[in-house]
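Residue strings, one per chain:
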Amino acid sequence: MSLLKSILPQRELEREIDEEIEFHVEKCVARLIEQGFSPTAARNEALRRFGDSDSVKTECRRIGMEKIRAERRAEYLDQVKRDVLYTLRTIARRPGFAVTTVLILALGIGGTTAIFSVVNGVLLRPLPYSDSHRLVLLWGVEGGMKSGSNYNSYPDLVDFDNANTVFEELAAMGFDQASLTGTETEPTQVAIGKVSHDLFPTLGVQPALGRGILPEDDRIGAERVVLLSFGLWASRFGSDRRAIGQTMSIDGIEHSIVGVMPSGFDFPAQLQLWVPLAHDHAEAPRGNHNLLAVARLNPGVSIESAEAEIQTIAMQLEEAYPNDNTNRGARLEPLLEAFVGDVRPALLILFGAVGLVLLIVCANVANLLLARATTRQKEIAVRAALGAGRARLARQVLTESLVLALVGGVAGVGLAYLGVRVLRSVGPAQLPRLSEVSLDGTVLAFALAVAVLTGVVFGLVPALTSSKLAVHTALKEGGRTSSQGGRRPLLRQTLVVVEMALAVVLVVGAGLLINSFVRLLRVDPGYQAQNVLVVPLSLPTSRYEEHTAALAFFEQLREQLAALPGVDRVATGYQHPLSGGWETSFEIKGLLEVPPGERPEARIRPVDPRYFRTVGIPLVQGRHFTDQDREGTPNVVIINESFARQFFTEVDPIGQRLLKSPWWDFQTGEWEIVGVVGDVKMDGLESGTPWAWYFPHQQMPFNDMYVFASTAGDPLALAPSVRNAVWSLDPNLPVENIQTLDGIRSASVAAQRFQMALLGIFAALAIILAAVGVYGVLSYAVAQRTREIGVRLSLGARTSDVLRLVIKQGMGLSLIGLALGIGGALALTRLTGSLLFGVSPTDPATFVAVASTLTLVALAACAVPALRASRVDPVTALRAE
């Protein structure tokens, strides 16, 4: 039939070509006769010119084929239009089915689109810098040349810049906190970047207003200049262009405002001011590694070849400066990878999880369409009897699927928009580029593709089965309810098994993360977090240049806070317990004396005598610091248990002496160990415990300290009194980011909580959809077997027999899916290993709990149809037949 349809248009085309040629020949004959040719000669000449011309035949054939193609396109579009209109009428007749299907699809497509928007914004979208693929970070590496991410010193970066041939630009920057004063508003703490003059050219970014930092600005003794972030310019100067040229007091030092950076620029993260680097770092010692280095590769230079040259330069520096660079290498890392490397596994796992949900949605909707197709057998049979071919019938069913999928996709985009807003508001601060997540053109195109693909996936099986309907049988049975054998029940049962298997994989993954998170919360951080207020303070060196001035400020503040009602203890310490901190190398006199490049490193923190009691770090051995441990008295330190276990296994640590790191130029002498305290999880609850030692703040005063106040009640209620106490001593000092130790601990696991919550939501959705799938198949089976059940009951079958029959069918499918899902989970959950803490990816307890839960859910889904089947009235069932 299809061959005949293709031959007929071709014959019609040939006839049209012949008529077109004859028309041109007759016109030519008439013109030639007018010119004096005889009729015979004129016709012969015309046939020579046109009748034998391949070009005329080709042109006529082209015109004819275009006409046929246009007609076919018009006919096809008209058929599609009719299919769509028919689908809309069908949906209008059964709105309940359509609404259910669209809601299920909206959940799947919306969730997938929302997570993809995060993946796109964080992982896939290039950084907002010119040729960002050529931007790299230059890291220092301690102890080898392969791994590590340490900052660099200013002298090292100068040498790298002068010696390399692979960088187009190399820039450096340091980070600090600064206080803004001199306006009518309260003192404000801001994040400040101290940058070399070539940072902005390296990134390929120009100020939105004014100019950048010039080479003459980036030298010692130059006039102080500053660039503002777009947000700070808007909030502090009302977006007034006249801000350029004005002065701003930063830590008490006047800076001239020379530019405003573009909106959204805060490199590397949340910076609000940029000042020249050289003022504070040009004379820093080589051993002071505290600068981030950003480089732009020359065009055509690969990161591998650039890294090889950088490592060669690092070896040359190691030979030239053995005291500071022994065993110190270098490596390069793409800038995008540095931003998102830590979160890539978690985001990809979440994207895979929501993909599983989408597959479950497809299986569920396919089941719904298969059930619906059964009720339309007579309609489809009539259409087939009237001449509709298999392709025509399949296209009609597929059109219905695509229409439902597109409507579900539109609803899903709406859900995704809300989901993205929620994700941006509650997402963890550790998630980079979260502000760049949005429903842009790429995401919308992805949503459209997912909707179309979903429509094809869940519509293909019903379309194929409907097109293969036995017309004679369907017309003979008419609308009678009967047991439907053959492929369709098998397909529906297979889809239920697939749903259950996918749900098991997803729920096992969520269960592992929940188990991991619970164990993480049970980790002892090494301190008591209850009812402790934490107040970060940074004293500007312009007003507190002498260390004694800073020390006097903190001592006076401690006395004022200790006198407040409800305050038990007050102490100061460098950073909070979970903030990591900085390291220094050391020696142990008489026990560990090695060359500088081979010395071990430990975390060091200045604290006052009340610190350990205030934050609840237990004293294990020796004594606490006292108020007598001040400048001018013997230097003392307290080490943690990990330090003592590592270096003092055979001797008593009390009384042993540590030698300072060579770059400490503001204190001399040896440090006597006077105590041992408990370990603290300085790098986070999931990390190990680093070696650490504490020294008295009174012997080495710092300007940047945290104030800790333990209270009898709610610590945050004390915040206004703390601000007033600080401003009574220094009205220009910012008091911001007041927190509690409990809040800090909670924030430290925000990323894990976020991952667990999202995966838990997807898992719950998978359980619901799987239960709906089991329920739907059994309900349909009961409806189709109503006559059979009636016969069984009339012949003496008991209610329990019917219950057992239906439940056995449903649980059989569920257990098959459960077994397949456990096998898949054993293979796939290994990918979550990097996200787990204290839990194996094949944790037996989690697998047993998930299997038990899903078995109970499946049993509940089977129970309702089984009860309905057991209540079938035999007389009514047989009469209906």
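Residues numbered from 1 in each chain as written. Predicted model: local features only at pLDDT ≥ 70, side-chain atom pairs only at ≥ 80, totals over all residues. Heavy atoms only, no water.

1. Examining the overall build of the protein chain
Definition in use: Helix and strand assignments follow DSSP, with helices taken as H or I runs no shorter than four residues and strands as E runs no shorter than two, numbered in order from the N terminus. Type-normalised accessible area, obtained with a 1.4 Å probe on protein chains alone, sets the label of each residue: buried when under 20%, exposed when over 50%, and partly exposed for intermediate values. Here the accessible surface of atoms and residues is derived via Shrake-Rupley with a 1.4 Å probe, and residues count as covered only by protein chains that are part of the display.
Counting secondary structure elements, the protein chain contains 27 helices and 22 strands. Counting all 881 residues of the protein chain, 49% fall into the buried class. Approximately 40400 Å² of the protein chain is accessible, and the part contributed by carbon and sulfur atoms is 57%.

2. What to know about the nonpolar core
Short version of the rule: Buried Ala, Val, Leu, Ile, Met, Phe, Trp, Tyr and Cys residues that are joined via side-chain atoms within 4.5 Å together make up what is termed a nonpolar core. Contact definition: two residues touch when any of their heavy atoms are within 4.5 Å.
Among the nonpolar cores identified, the biggest contains 92 residues, and Val122, Leu347, Phe458, Leu506, Leu759 and Phe762 are the most heavily contacted of them. No other element matches the 17 residues that helix H12 (residues 344–375) contributes to this core. Aside from chain neighbours lying at most four places away, what touches leucine 506 is Ala353, Leu356, Val357, Leu759, Phe762, Ala763 and Ala766. Core analysis: the next-biggest nonpolar cluster, separate from the first, contains 44 residues, Val567, Ile604, Ala725 and Val726 among them.

3. Things to note about the pairing of strand E19 (residues 670–677)
Here is the rule: Think of it this way: DSSP has to see at least two bridges between two strands before they count as a pair.
Among the eight residues of E19, six are classified as buried, and the element is accordingly described as predominantly covered. Examined bridge by bridge, strand E16 (residues 619–622) and E19 share three bridges and lie antiparallel to one another. Across the sheet, residue leucine 619 finds its bridge partner in E19, namely valine 677. In this structure, strand E17 (residues 636–640) lies alongside E19, joined through five bridges in parallel fashion. The residue bridging isoleucine 639 from the neighbouring strand is valine 676, located in E19.

4. Focus on the side chain of asparagine 515
Definition in use: Here a polar contact means two N or O atoms within 3.5 Å. Within protein one must be a hydrogen donor candidate and the other an acceptor candidate, and residues neighboring in sequence count only if both atoms are side-chain atoms.
Locating asparagine 515 in the fold gives a position in helix H17 (residues 487–521). A polar side-chain atom of asparagine 515 sits 3.3 Å from a polar atom in the side chain of aspartate 843. Beyond its immediate stretch of four places on either side in the chain, asparagine 515 contacts Val839, Asp843 and Thr846.

5. Overview of the packing of aromatic side chains
For clarity, the threshold we go by: The criterion for an aromatic pair is that two Phe, Tyr or Trp rings (for Trp, the six-membered ring) have centres within 6.5 Å, with stacked assigned to planes under 30 degrees apart, edge-to-face to planes over 60 apart and tilted to the rest.
One pass over the structure, following the stated rule, counts 29 aromatic pairs. Between tyrosine 129 and phenylalanine 265, the ring centres sit 6.2 Å apart and the planes meet at 75°, which makes this aromatic pair edge-to-face. Taken together, the residues span a long stretch of sequence, with tyrosine 129 in the loop between helix H4 (95–124) and strand E1 (135–142) and phenylalanine 265 in the loop between strand E7 (253–260) and strand E8 (273–276) at a distance of 136 residues. Neither tyrosine 129 nor phenylalanine 265 differs from the other in exposure class; each is buried. Between phenylalanine 200 and phenylalanine 265, the ring centres sit 5.9 Å apart and the planes meet at 70°, which makes this aromatic pair edge-to-face.

6. Considerations on the confidence of the model for the protein chain
Going by this rule: Residue-level confidence of the predictor, termed pLDDT, takes values from 0 up to 100.
Per-residue pLDDT for the protein chain has a mean of 82; in total, 85% of the residues score no lower than 70. For the stretch residues 662–666, pLDDT sits under 50, and the model shows twelve contacts to residues farther than four places along the chain or on other chains.

7. With respect to the environment of glutamine 752
Topologically, glutamine 752 is positioned in helix H23 (residues 750–784). With sequence-adjacent residues up to four places away left out, glutamine 752 is seen in contact with Phe517, Leu520 and Glu686.

8. Here's the deal with the pattern of salt bridges
We count it as follows: Salt bridges are defined as contacts in which a side-chain nitrogen from Lys or Arg sits within 4 Å of a carboxyl oxygen from Asp or Glu.
By the definition in use, this model includes 23 salt bridges. Between arginine 211 and aspartate 217 there is a salt bridge, with the nearest N and O atoms lying 2.7 Å from each other. The partner of arginine 804 in a salt bridge is aspartate 801, and the shortest N-O contact between them spans 2.6 Å. Highlighted residues: arginine 804 and aspartate 801, both in helix H25 (residues 799–828), separated by three residues, approximately one helical turn. Linked by salt bridges that have partners in common, Lys589, Arg657, Glu670 and Glu672 make up one network.

9. A short note on helix H5 (residues 154–163)
By the burial criterion, the buried members of H5 are Pro155, Asp156, Leu157 and Phe160. Looking at the buried side of H5, the elements it contacts are E1, strand E2 (167–181), strand E9 (292–297), helix H9 (303–320), helix H10 (322–325) and strand E10 (328–334).

10. Some details on unusual backbone geometry
Here the amide bond leading from phenylalanine 267 into proline 268 is cis, since omega sits at -5°, within 30 degrees of zero. A positive phi angle is found at asparagine 531, which is not glycine, with a value near 55°. Locating asparagine 531 in the fold gives a position in the loop between H17 and strand E11 (532–538). Notably, glutamine 575 is not glycine yet its phi reads approximately 60°, a positive angle. With respect to the helices and strands, glutamine 575 occurs in the loop between strand E12 (567–573) and strand E13 (582–585).

11. Considering a nonpolar patch on the surface
Filter applied, for reference: Candidate patch residues must exceed 30% relative accessible area and have no salt bridge, after which like charges are joined if within 9 Å and Val, Leu, Ile, Met, Phe, Trp or Tyr side chains if within 5 Å.
Taken together, Leu107, Leu415, Tyr417 and Leu418 make up a surface patch of nonpolar side chains, about 380 Å² in accessible area. With three residues, the top contributor of residues to the nonpolar patch is helix H14 (residues 390–426). Looking at where tyrosine 417 falls in the secondary structure, it is placed in helix H14.

12. What to know about the packing of helix H18 (residues 547–562) against helix H21 (residues 719–729)
As a reminder, the rule being used: Throughout, an axis means a line fitted to C-alpha atoms (over the contacting stretch in the case of helices), and angles, computed between N-to-C directions, take values from 0 to 180 degrees. Roughly parallel refers to an angle under 35 degrees, roughly antiparallel to one over 145, roughly perpendicular to one between 65 and 115, and oblique to any angle outside these ranges. The handedness criterion is simple: a crossing whose near helix is rotated anticlockwise from the far helix by less than a right angle is left-handed, and one whose near helix is rotated clockwise is right-handed. Lys, Arg, Asp and Glu make up the charged group, whereas Ala, Val, Leu, Ile, Met, Phe, Trp, Tyr, Cys and Pro make up the nonpolar group; the residues left over, Gly among them, are polar.
Look at H18 against H21: their axes get within 10 Å of each other, and the N-to-C directions meet at 140°. When the interaxial angle is binned, H18 and H21 end up oblique. The hand of the H18/H21 crossing is right-handed. Across the interface between the two elements, Phe553, Gln556, Leu557, Gln560 and Leu561 of H18 pack against Val722, Ala725, Val726, Ser728 and Leu729 of H21. The class makeup of the residues in the contact of H18 with H21 is seven nonpolar, three polar and no charged.

13. Brief notes about helix H26 (residues 844–870)
Inclusion rule: One less than the number of residues in a helix, times 1.5 Å, gives the span that helix is expected to have.
The end-to-end C-alpha separation of H26 is 38 Å, in line with the 39 Å expected for 27 residues at 1.5 Å each. Of the residues making up H26, those classed as buried are Thr846, Phe847, Val850, Ala851, Leu854, Ala858, Ala861, Cys862, Pro865, Ala866, Ala869 and Ser870.

14. Some points on the environment of glycine 838
Turning to its location among the elements, glycine 838 is positioned in the loop between H25 and H26. Expressed as a C-alpha distance, the spacing of glycine 838 and valine 518, which sit 320 residues apart in the sequence, is 9.8 Å.

15. Thoughts on the pairing of E1
Looking along a regular strand, one sees the side chains alternate between the two faces of the sheet. The buried count for E1 comes to seven of eight residues, which makes it a mostly enclosed element. By the bridge criterion, four bridges tie E1 to E9 in an arrangement that is antiparallel. Paired with leucine 138 across the two strands is alanine 293, which belongs to E9. Pairing of E1 with E10, which is carried by seven bridges, proceeds in the antiparallel orientation. Across the sheet, the residue bridging to glutamate 142 is arginine 328, located in E10.

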